[in-house]
Every structure is written in C-alpha cells, then in structure tokens.
Amino acid sequence: MLKSDNRVCADCSAPDPKWASSNIGVFLCLKCGDVHRALGQDISNVLSLTLDDWSDSDIDSMIEVGGNSYANSIYEAFLPKDHPKPKPDSPMEYRTKFIRAKYETQDFLKPSLRISSKAGLESTNSLNSVDNSFSSTSRKHAPEDTREFVGQLNITVVKGSGLAVRDMLTSDPYVVLSLGEQKAQTTVKASDLNPVWNEVLNLSVPRNYGPLKLEVYDHDTFSADDIMGEAEIDLKPMITAAMAFGDPSRHADMQIGRWFMTRDNCLLSDSIVNISSGKVKQEVYLKLQNVESGEMELELEWARLD
C-alpha cells in the first residue's frame, strides 16, 4: 500500500483506493470494486483494506503479484491506443465494459498469456516452471537459489548520457551489473561523460531471481573508485512473458509484455518486451539514482535454458 502506484485504483486511477482484489493482486476504488464484485469470486475476490479479515493466502497472493504496476503490465500489455482506460468520473457503463474486457474476457492479452484467475497471475502452462518467483521488490532480501538456473540474460550496455563529474572536469566511467552473487563489468571509458559501450555482458538467471542491479563507477588509479549512480531493473515482466510464450522462434515479431514506468522505479519511459527475429528482447532506458545526473540505455535478451 505504500508504493505510489498502489495509491490509485488499478483500473481508473482514482486516488486512495480502499478495496483490493486479492487473487488478481490490484488495489481498487469503490466504484471499480463494485464491478469486480459483480464478476464473481472465481474471477475477482474483492476485500476491504480496512474492514475485512485477510487470510495468509490472500496476503501471499498480493505479494506474489506485486500490485497495480505489475498486474497492469500483464492485463494491459496489449491495450489498444483507441481503447482508453476509464477515469475516476467515467460512467458506470463504460467502467463495467472495460473491467469485464480486461479481466473476464482478457481482451488485452495474447491467447497464450490467458490467466486462470483462481491462481492469480500464474499462467496455466510454462509459468509454473518459475512458480515461486515473487516480484523483485517483495523478495529483495530473500535467499537466492543459485544451484538451478532457468535462463540466461545477454545484456548490451549501450551507452550512458550526462553522467556525473567525479574528477576535475570529467570522469572515467565503467558499469557493473549484478544478479545475486554474479557480477559482470564493462571496460573503462576514459574522460567521457557520454560513453558508448555497446558491450554484451552475460548473467545466468536463478530460479528465485531478484532484480538486476546496475552501478556506474568512476575509475581512479590511486584511490577507491567513486560511485556515479545506480539503478535496479525488474526482470519479472520480461521473464514472465517469455516463459508464457515458450519458444520465441515459433512466433512472428510482436509485443509480449511491458514494464511500466512509475514513481517507484528508475525508468525514463515504459519498457516494452518484444519478440524480434525469434528472440525475446527488451530495451530499457534508466535514470540513475542517488546521483546528481546520468542516464543509461540497455538492451536485454532472454534465452531460456532447456
């Protein structure tokens, strides 16, 4: 409830939602909650945030989904531009039509991503192979099982822009990527605040994966390297979509998922997950955190381990 994207209704963006659908994993206003309740508990189990008793399974379901941003990245991944979401003051007829299309008939998902509502956002096929992968935010401190891997990430560190000055007038930046205990590093770019790397770094993805962490450092010869900003990348939208679609070489080029920009993450814009030339790819544009300036561009490519 403390996350900014959960402080509005998932369906109409009305502020201060007082209801939630525990199995879908979203927070709802009173009006949208009434529509969800009419769908029936087999589709949406509506509970009051303050008046109802929540079972452990209700709470676990909300945590597994991760809230509005992640749920919408699935249920609205293919929302047409000419099909706007309802607003807080939208008529009940339009609100009902949209919510039924979103959750009941699942019009904004590809058929292979159709979801069994009783299992929340757990797909009925290949998503079961990562059945305990919570959102990266909720399991940030969970122990990581590095003994079994579900895939590999090939991360192209494309470039940085407007990086912070750490020497007299410039910096000598390099990038470190971390996933669990694994680390990979780019080369150092001397005296460059707008470095272009185009270097590919490879990391294996464990079954209980966490966020991909990015750190930028200034290389110093005679002292410790200075931090130049950091960011975290939520891998769940990409991996969930990739698992659901299976072998990407069997599909034409298409969008299969989306990681939404919110005030709680470091995205500069929504990050789209695509199948392109038989591979699952995602372009990510990041604003570095805990630093005065700096942006990064990455390209992620997912390869599932058979």
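What counts and what doesn't
- Residues numbered from 1 in each chain as written.
- Predicted model: local features only at pLDDT ≥ 70, side-chain atom pairs only at ≥ 80, totals over all residues.
- Heavy atoms only, no water.
- Helix = DSSP H or I, 4+ residues; strand = E, 2+ residues; numbered from the N terminus.
- Buried < 20%, exposed > 50% of the residue type's maximum accessible area, 1.4 Å probe, protein only.
- Contact = heavy atoms within 4.5 Å.
- Core = buried A, V, L, I, M, F, W, Y, C linked by side-chain atoms within 4.5 Å.
- Phe/Tyr/Trp six-rings, centres within 6.5 Å; stacked < 30°, edge-to-face > 60°.
- Lys NZ or Arg CZ within 6 Å of the ring centre and 35° of its normal.
- Pairing = 2+ DSSP bridges.
- Axes fitted to C-alpha atoms, helices over the stretch in contact; angles between N-to-C directions.
- Disulfide = S-S within 2.5 Å.
- Parallel < 35°, antiparallel > 145°, perpendicular 65-115°, else oblique.
- Left-handed = near helix turned anticlockwise from the far one by under 90°.
- Nonpolar A, V, L, I, M, F, W, Y, C, P; charged D, E, K, R; others polar.

The chain is annotated in an unreviewed UniProt entry as ADP-ribosylation factor GTPase-activating protein AGD12 of Aegilops tauschii subsp. strangulata.

**Q** Can you explain the overall build of the chain? Please cite residues and give values.
**A** Across its full length, the chain carries 5 helices and 13 strands. For the chain, the residues scored as buried account for 51% of the 306 residues in total. Here the contacts in the chain between residues at least 6 apart in sequence split such that 61% fall between residues at least 24 apart.

**Q** Please provide a residue-by-residue account of the environment of A38, values included.
**A** For A38, the location among the structural elements is in helix α1 (residues 30-39). Exposure remark for A38: the relative accessible area of 54% places this residue in the exposed category. It is 9.4 Å that separates the C-alpha atoms of A38 and T96, two residues lying 58 residues apart in sequence.

**Q** Outline the nonpolar core, supporting the account with residue identities and numerical values.
**A** Core analysis: the biggest nonpolar cluster contains 43 residues, and L177, L214, L235, L286, M296 and W302 have the highest contact counts within it. By residue number, the principal contributor to this core is helix α5 (residues 236-245), which donates 6 residues. Beyond its immediate chain neighbours, meaning those up to four positions away, L177 contacts I155, V157, Q182, K183, A184, L201, L203, L212, K213 and L214. C12, A71, F98 and Y103 belong to the second-largest nonpolar core, a separate cluster that totals 25 residues.

**Q** Give a detailed account of the environment of W19, specifying residues and quantitative values.
**A** When you line up the elements, W19 lands in strand β1 (residues 19-21). Expressed as a C-alpha distance, the spacing of W19 and L47, which sit 28 residues apart in the sequence, is 5.7 Å. For W19, the residues in contact, after removing those within four places along its chain, are V26, F27, L28, C29, L30, R37, V46, L47, S48, L49 and D52.

**Q** Could you give an account of the packing of aromatic side chains, with specific residues and numbers?
**A** Aromatic ring pairs: the centre-centre distance and the angle between the two ring planes describe each pair. Taken as a whole and judged by the stated rule, the model has 3 aromatic pairs. The interplanar angle of 35 degrees and the centroid separation of 5.7 Å between the aromatic rings of F98 and F108 together place this pair among those described as tilted. Of the two residues, F98 sits in helix α4 (residues 92-104) while F108 sits in the loop between α4 and β4 (149-161), which places them 10 residues apart along the sequence. When its relative accessible area of 0% is taken as the criterion, F98 is described as buried. Its guanidinium or amino end placed over the ring of W19, R37 lies 4.9 Å from that ring's centre, counting from NZ or CZ. When the ring centre of Y70 is taken as reference, the NZ or CZ atom of K236 above it lies at 4.8 Å.

**Q** Which residues make up the pairing of strand β12 (residues 279-287), and what values go with them?
**A** Because side chains alternate across β12, one face comprises the buried residues V280, Q282, V284 and L286, and the other comprises K279, K281, E283, Y285 and K287, none of which is buried. Remark: 2 residues form the turn of the hairpin made by strand β11 (residues 271-276) and β12, two consecutive strands paired antiparallel; S277 in that turn has positive phi of roughly 55 degrees.

**Q** Any details on the sheet that holds strand β10 (residues 254-259)? Residues and values, ideally.
**A** Ordered in space as β7-β4-β13-β12-β11-β10, the 6 strands form an open sheet in which the pairing is antiparallel. For this open sheet the edge positions go to β7 (196-206) and β10, each flanked by a neighbour on one side alone. When strand polarity is set aside, the average angle formed by the axes of neighbouring strands in this sheet is 25 degrees. Sheet analysis places β10 next to β11, joined by 5 bridges and oriented antiparallel. Looking at the pairing, W259 lines up with S271 of β11.

**Q** I'd like to hear about the state of the cysteines, residue by residue, with values.
**A** With the rule as written, the count across this model stands at 0 disulfides. Just so you know, C32 is unpaired, no disulfide at all, and the nearest cysteine sulfur is the one on C9, 3.7 Å from it.

**Q** I'd like to hear about the packing of α1 against α4, residue by residue, with values.
**A** Where α1 contacts α4, the axes come no closer than 10 Å and their chain directions differ by 50 degrees. Classified by the angle between their axes, α1 and α4 sit oblique to one another. As α1 runs across α4, the sense of the crossing is right-handed. Note on element contacts: α4 touches α1 through M92, R95, T96, I99, R100, Y103 and E104, opposite K31, C32, V35, H36, A38 and L39. By residue class, the composition of the contact of α1 with α4 is 7 nonpolar, 2 polar and 4 charged.

**Q** Could you give an account of unusual backbone geometry, naming the residues involved and the relevant values?
**A** Across residues other than glycine, the phi torsion is negative in most instances, and most of the peptide bonds are trans. For N198, which is not a glycine, the phi torsion comes out positive at approximately 50 degrees. Turning to its location among the elements, N198 is positioned in strand β7. Even without glycine at this site, S277 takes up a positive phi of about 55 degrees. Mapped onto the fold, S277 is located in the loop between β11 and β12. For S277, a relative accessible area of 61% gives the class exposed.

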